[in-house]
Each structure stands twice: as structure tokens, then as C-alpha cells.
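Chain by chain, the residues run as shown.
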There are 2 protein chains.
Amino acid sequence: MRIIIDAMSGDNAPGELVRGGVLAQREQNVDVVLVGRTAEIQKLLLDCGAAENPHIILEDAPDIIDMHDDPSTAVRRKPGSSMAVALNLLKNGAGDAVISAGNTGALLTGATLLVRRIRGIRRAAMAPVLPNGGRGTLLIDCGANVECTPEYLLQFGYMGSFYAKSMLGIPQPKVGLLSNGTEDTKGTELVKAAHALLQDAAAAGRITFIGNVEGTDMFSGRADVIVTDGYSGNIMLKTAEGTIKFLMKNLKSALTASTRAKLGALLVKNDLNALKKMMDVREVGGTPFLGIKAPVIKAHGNSDARAVSSAVRQAVSFVNAGVIAEIESHIEFMKIRGGED
Amino acid sequence: MRIIIDAMSGDNAPGELVRGGVLAQREQNVDVVLVGRTAEIQKLLLDCGAAENPHIILEDAPDIIDMHDDPSTAVRRKPGSSMAVALNLLKNGAGDAVISAGNTGALLTGATLLVRRIRGIRRAAMAPVLPNGGRGTLLIDCGANVECTPEYLLQFGYMGSFYAKSMLGIPQPKVGLLSNGTEDTKGTELVKAAHALLQDAAAAGRITFIGNVEGTDMFSGRADVIVTDGYSGNIMLKTAEGTIKFLMKNLKSALTASTRAKLGALLVKNDLNALKKMMDVREVGGTPFLGIKAPVIKAHGNSDARAVSSAVRQAVSFVNAGVIAEIESHIEFMKIRGGED
């Protein structure tokens, strides 16, 4: 297994990306390809005592795509960027998966243009797993596709279901459709049309569809997979993030508000840390792009070495899980009459 | 001032509604009209020692609209319901505002059909205020209008701004448009078109528009008013509610996880209670319907007497604030060429 890391990506590049790659190589017995400015990377490897490690391969890429690059053109305009080089390596079979902590839009466009979508898949989707105290809830799409068709949402339902089955270990993932109420009559025209398609797929025994779910189900565990368009998914994900941040900030204030509280805080510290860790987005792992021919994972922009190493573990699982083969073998069911063919 | 209470509404009717009305009458020197089954209400008043209170007026309504009634037809099908009677009293000037804890959709449809929209307002919107550690953030719309036009969103921006100015005491409320990114180019076609209209309104000096905001801004305080369609607003509100509930549940588990934590929990209890109270939806107050000719407030379905009394206080402020007159006097600016006229 060989995992390609876009070493110049994210807020902590290249240091944490390189250290994360080294950590993953040592702990997971995996080959890693570090893509970026070779001289800088070599120096960092030397600092880690990993300069001579034969399982760490360097690929030179002089250029960098950053947050200011236009996502829709970045990979074409900068073919020598670490992101473009990494994606081309994946395309050409020089590795099994790509991890990048860089510009999300550029990575998605790049993955679509260079690695390409699975034949018959209309749009690739971003599918992060949110903690829910159990195995987690997969949210698909969370931002890749602002405007969707019912067919896209049907495909997200299938892809999310396959991913959750293999990666979260849920034999029959419960797929819910995000709406503004649980009743079948609720939702936009898009939601109502997608509801009918998902219901048909469930009637044919291909997925387990539990109907509409609500924003409250982000953490309720009622659904294993929540299907929505990228606009609504983004709102949901960021609202949850913002709410967690706000509550954690206020919790901290409450625990330092008085001498009495400070004393109590010392006693509850260990148990609270477990909660904080559970809610930390960096612990959640990277976000896979589903619908691309090979695994591409977006790591959080502020990933540290530990988060990069977690993303490598996730990439290895993704490759081993056979999710992509499962999507390919079901593709005929995932298209609708009058779709984009 | 006379506030009309739909005494048969919500999970705790009529007991908590009647007790809330009595509480409000005593504490706020306001007249209350209790609408519902007079015999039941009379008995409850007797228990509170308020049977002879001349500032508590009873209006008989034999029927009840509940959660199983179809929202779009309920008020027409049940003209003798407490909700329909309450709204007709408001329409006929027998009171200054209506409070109901009942079926949200039925209340909205009823308010639109019976009390009617302000002339020129295309759709009434639901606008709850979320706590943000400061004066709160108004979210408009949060569920009344699933499918919107750019003009509706423009009107929500104005109405939210007027309400926040008077009710939250913010001289120049910062209005943000919910999107999947802060850049002007982000969003659905609806968002982009509404962005242009809100920008024009700001250029003319009529509102303060800060551009696109994200889900993370629900509690960040960056915007005082967040404008969105009812579908997305519902997702945002319910995701925030679900996240708070999940975190509070896990916080409770963490504080009882060990003997040490239990001891610490005793010490932090008071300071944590303030946090819990701040995040409690019942403390937030009711949700006003903006765009209706007279104030209609939806109280939370599980409102207790204290929450009902808070909703009465909010209704009194709403009447005194002159929000409706301000909307009426600005209505010409709030319409667009090619709108629904």
C-alpha cells in the first residue's frame, strides 16, 4: 500500500505533513510518497531521522496551490503544484490514495479533472463522518455541489451507504434525507423528488431508507447516513462546528468563573477531556471525496502530524474496503431515466 | 395593553398556559385574554386564586387544533378552535397580540388568512432570536417558507433589521446572508440574487449588510440578523438545537463518570447552570411571525408558566416597539420591480 501526501498543503505545511507521513510509515507499515519541495522535505526528514527510510518516497513539485487560488482553475493553472502532481501520481497508479490538507475546492476540481469520476457518477461528494457517541454519522454532500438534482442525491445515498457499511462497520446503514420535518410531505421540490427515488431504491432492497431526518439528527444517531445537497450540508456541518465551539468556549468560562469552579474543574478535567476530544474536528479524520475513481481524502486545514497520520490510516481502510468497486458494480441502479446520460 | 393567549395550545395546555397568563397579569400589569374551554380555564383560575381578577378575560372556544391537524386547512376547518378564535379576536382589535404554543404551521397559516399580511409583504417569516453571549442573533426565516424568491429574502432582511433594532436594542443591526462561504460568489442562485438586492439596500443606506455569513456564525455574533430561506433556516436552527442537546447530554455523562468527577461537578454546578440556562430554548422566548399586520408569537410547544409569561413580556415589547409601523412605512423600498404585484 502506498499513500500519496500533498506535503505542501494546509496551515502547517510542510512540517506537520512530513512528520505525519513519517509517523504513519512507522506505525502503520505503509509506504508514503511526500509530494512537494524536495529540499525542504529532505531537511525535515533529516530532523526526524527518516532521511534514509526506503518506504518514504519523495516527488518534487516546485509550486503550491493556496487558499487564494481560484478552485475551478488552480490545478490546470499550476500543473507543477504539489496538489496537481499528487493527483497525477494517483491517476497514473504510482500510489493508492491521495491526502491533502489544502484548498478544498481546488482538490475537488483537481480530483474530478485529473483522477476523474467513476463512470456513471454525476458528481463527486464530500462525506465527513460526525461523532455521535456511536459509530458516527456520515453527512453527504457537505459542500461540493451547491446545486443538485434528485439523481445526484440518489447517488449520494448509495455512495454514503456503501462507505458507511465498509468504513463504519454498519451492515445495513440507515439512510436519511435531510429535510425541514420528518413527514414525507416536507421539503423543497428537490427533497421531495429525491425522497421518491430513495424510497424506490429501498423498495428494491438496495439501501435502507428511513425517510426524512432533521437538523437535530446530526448527532442523534437516528441515521447512519444523512443525504443532502452541498449547500444544506455545508450549513449543517458549519452550524454544528460553530455550536460546539461556542459551547466549549462558554464551558471554559464557566469552569473558571469562580475559585470554587476552578477547584471543581481540576476534578472533572480528565472526564471533560474525553468529551473535548470526541468533539474535536481534528479527531474526526479526513473527509473522503466519494465518486472519484481512486480515494482522495481532504484532511483538515490545521491538521497536525497526528491528524495526518489518522488520515493515512483512513486512506488505507478506504483502499482496503473496496467501496469504489462496490459503487462501480451497482452503477446501473444508481442512474435514473432521463438523467445526464 | 391586552395580550390574547391561546390557552389550549402546546404540550402543557391548558394548565401552564393559564398559570402563565396569571403570572404575566400579576407581574406585568397587563390584561390577558384566555381563549379556550371556559369551564376548564375557570377551574384553573380558581386554583390560582385568580377567578375574580378583572384583568383576566375569558373567551370561550370549544375546539382545539392539535399537532395532527393539517396546518394548511386547520383554522378554516375548525373556526371554533382556540387558535382561530384567538386570531379573530386579534383581527377585530379585541387584543394587541396573540401568543400560541400550538401547531406552528396552523398558526402561521391562520395568521396569514385571518390577521393577514402587511400590504406589500410577500410572505410572513419566523424569526427566533438565538443566544450568542451578547444581545442574540435573529434568524429569519427559520421554517415558514421552504421555497423563496430573492424578493422574499430582501424583505426578510428589512424586517429582521427593524425587529433587531427595536427588540434587541441594536441601533444598526448587521444583516448577514446565510451561504456556504463568505465570498460573494458563494451560494445557490437564490442566494446570489438576494445578495445583490441586499447590497443595493445597503448602498442606499437602508440596512447594514455585511455580506454572506456561514453556519459557524449562528453563535459567533458576527451578524445580528441572519437572512435565509425557511428550509435552510430550519436546518440551521435544528442542527444547533441538536448539537446543544448532544453536548449537554455528554457533559452530564462526563460529570458523573467517576467519583472524582461527581465531586468536581458539585463545585462547578452553579456556574454550569448559568450556561445551561443560556442554552435552554425555553429561555430564548417565543418566535415572532414577522410580516403579519399584528404581533403573533409562537411560544415553544413545551412552554411552562414561566415561558408563557416571558412570551407575554415579549409580545408587550413587540407591540410597543412599533416594528409593524416601521415595516409599513418602508414597504415601497422592500418591493422589487417584477415582484409579485
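A quick note: this is a predicted structure, and the numbers were derived from the prediction, not measured. (Residues numbered from 1 in each chain as written. Chains lettered and ligands numbered in written order. Predicted model: local features only at pLDDT ≥ 70, side-chain atom pairs only at ≥ 80, totals over all residues. Heavy atoms only, no water.)

Draft legend 1. The sheet that holds strand E11 (residues 287-290) of chain A, seen in detail. Residues and elements named next belong to chain A. Sheet architecture is open: seven strands sit in the order E3-E2-E1-E4-E12-E11-E5, paired in mixed fashion. Strand pairing shows two members of the sheet lacking a second neighbour, strand E3 (56-60) and strand E5 (125-126), which therefore form its edges. Contacting strand E1 (2-6), strand E2 (31-36) and E3, helix H1 (residues 15-28) runs over the sheet at an angle of about 170° to E2. (Pairing = 2+ DSSP bridges. Helix = DSSP H or I, 4+ residues; strand = E, 2+ residues; numbered from the N terminus. Contact = heavy atoms within 4.5 Å. Axes fitted to C-alpha atoms, helices over the stretch in contact; angles between N-to-C directions.)

Draft legend 2. Molecular detail of the packing of aromatic side chains. Here the structure, examined in full by the defined rule, presents six aromatic pairs over all chains. On the numbers, 5.4 Å between centres and 85° between planes, the contact of Tyr163(A) with Phe318(A) is edge-to-face. Taken together, the residues span a long stretch of sequence, with Tyr163(A) in helix H6 (residues 150-167) and Phe318(A) in helix H10 (residues 305-321) at a distance of 155 residues. With centroids separated by 5.0 Å and ring planes inclined at 10°, the aromatic side chains of Phe219(A) and Phe246(B) adopt a geometry described as stacked. One end of the pair, Phe219(A), is in the loop between strand E9 (208-213) and strand E10 (225-227); the other, Phe246(B), is in helix H8 (residues 230-255), on a second chain. Summarising the burial analysis for this pair, Phe219(A) and Phe246(B) share the class buried. Residue placement shows Arg206(A) over the ring face of Phe333(A); its charged tip is 3.5 Å from the ring centre. (Phe/Tyr/Trp six-rings, centres within 6.5 Å; stacked < 30°, edge-to-face > 60°. Buried < 20%, exposed > 50% of the residue type's maximum accessible area, 1.4 Å probe, protein only. Lys NZ or Arg CZ within 6 Å of the ring centre and 35° of its normal.)

Draft legend 3. Broad picture of unusual backbone geometry. The amide bond that connects Ala13(A) to the next residue, Pro14(A), takes the cis arrangement and shows omega of -5°. Note that Pro14(A) resides in the loop between E1 and H1. Across the junction of Ile140(B) and Asp141(B), the peptide omega takes the value 5°, indicating a cis bond. Of note, the phi angle at Asn29(A) is positive, near 50°, even though the residue is not glycine.

Draft legend 4. Structural view of the environment of Thr243(B). Residues and elements named next belong to chain B. Relative to the elements of secondary structure, Thr 243 occurs in helix H8. Residues Thr 243 and Val 22, 221 residues apart in the sequence, show an inter-C-alpha distance of 34 Å. A distance of 2.6 Å separates the side chain of Thr 243 from the backbone oxygen of Thr 239, its partner in a polar contact. (Polar contact = N/O pair within 3.5 Å; in protein donor to acceptor, adjacent residues only side chain to side chain.)

Draft legend 5. Layout of the interface of chain A and chain B. Listed as interface residues are 53 residues of chain A and, on the opposing side, 53 residues of chain B. When chain A packs against chain B, close to 4,300 Å² is buried across both sides, 70% of that on carbon and sulfur atoms. The largest share of the area that chain A buries against chain B comes from Tyr231(A), Phe246(A) and Leu267(A), three residues that together contribute 16% of it. Note that Glu214(B) is salt-bridged to Lys238(A), the shortest N-O span being 2.2 Å. Scanning the region where chain A abuts chain B turns up 10 residue pairs in polar contact (both at pLDDT 80 or more). Looking at the side of chain A that touches chain B, the elements that each hand over two or more residues are helix H7 (189-203), helix H8 (230-255) and helix H9 (259-279) of chain A. The element that contributes the greatest number of residues to the side of chain A that touches chain B is H8(A), accounting for 19 residues. A class-by-class count of the residues in the side of chain A that touches chain B yields 28 nonpolar, 18 polar and seven charged. (Buried area = accessible area lost by both parts, 1.4 Å probe. Salt bridge = Lys/Arg side-chain N within 4 Å of Asp/Glu carboxyl O. Nonpolar A, V, L, I, M, F, W, Y, C, P; charged D, E, K, R; others polar.)

Draft legend 6. Molecular detail of the packing of H8(A) against H9(A). Residues and elements named next belong to chain A. Packing of H8 against H9 leaves a shortest axis separation of 10 Å and a crossing angle of 165°. Between H8 and H9, the interaxial angle falls into the category roughly antiparallel. Every pair of crossing elements has a handedness; the one defined by H8 and H9 is left-handed. Across the interface between the two elements, Ile 244, Met 248, Leu 251, Ala 254 and Leu 255 from H8 touch Ala 261, Lys 262, Ala 265, Leu 272, Leu 275, Lys 276 and Met 279 from H9. Classifying every residue of the contact of H8 with H9 gives 10 nonpolar, no polar and two charged. (Parallel < 35°, antiparallel > 145°, perpendicular 65-115°, else oblique. Left-handed = near helix turned anticlockwise from the far one by under 90°.)

Draft legend 7. Quick peek at the packing of H9(A) against helix H9 (residues 259-279) of chain B. Close contact between H9(A) and H9(B) brings their axes to 7 Å; oriented N to C, the two are set at 140°. Classified by the interaxial angle, the pair formed by H9(A) and H9(B) is oblique. In this structure, H9(A) crosses over H9(B), and the sense of that crossing is left-handed. Facing Arg260(A), Ala261(A), Leu263(A), Gly264(A), Ala265(A), Leu266(A), Leu267(A), Val268(A) and Asp271(A) of H9(A), the residues of H9(B) in contact are Arg260(B), Ala261(B), Leu263(B), Gly264(B), Ala265(B), Leu266(B), Leu267(B), Val268(B) and Asp271(B).

Draft legend 8. Layout of the environment of Gln314(A). Residue and element names in this part refer to chain A. Looking at the secondary structure, you find Gln 314 in helix H10. Residue Gln 314 is classed as buried on the basis of its relative accessible area, which comes to 13%. Spatially, the C-alpha atom of Gln 314 lies 25 Å from that of Gly 49, the residues being 265 residues apart in sequence. Ignoring anything within four residues of it in the chain, the contact list for Gln 314 reads Tyr 163, Met 167, Gly 285, Gly 286, Pro 288 and Ile 297. Side-chain polar atoms of Gln 314 contact the backbone nitrogen of Gly 286, separated by 2.7 Å.

That's the geometry; what it means functionally is another story.
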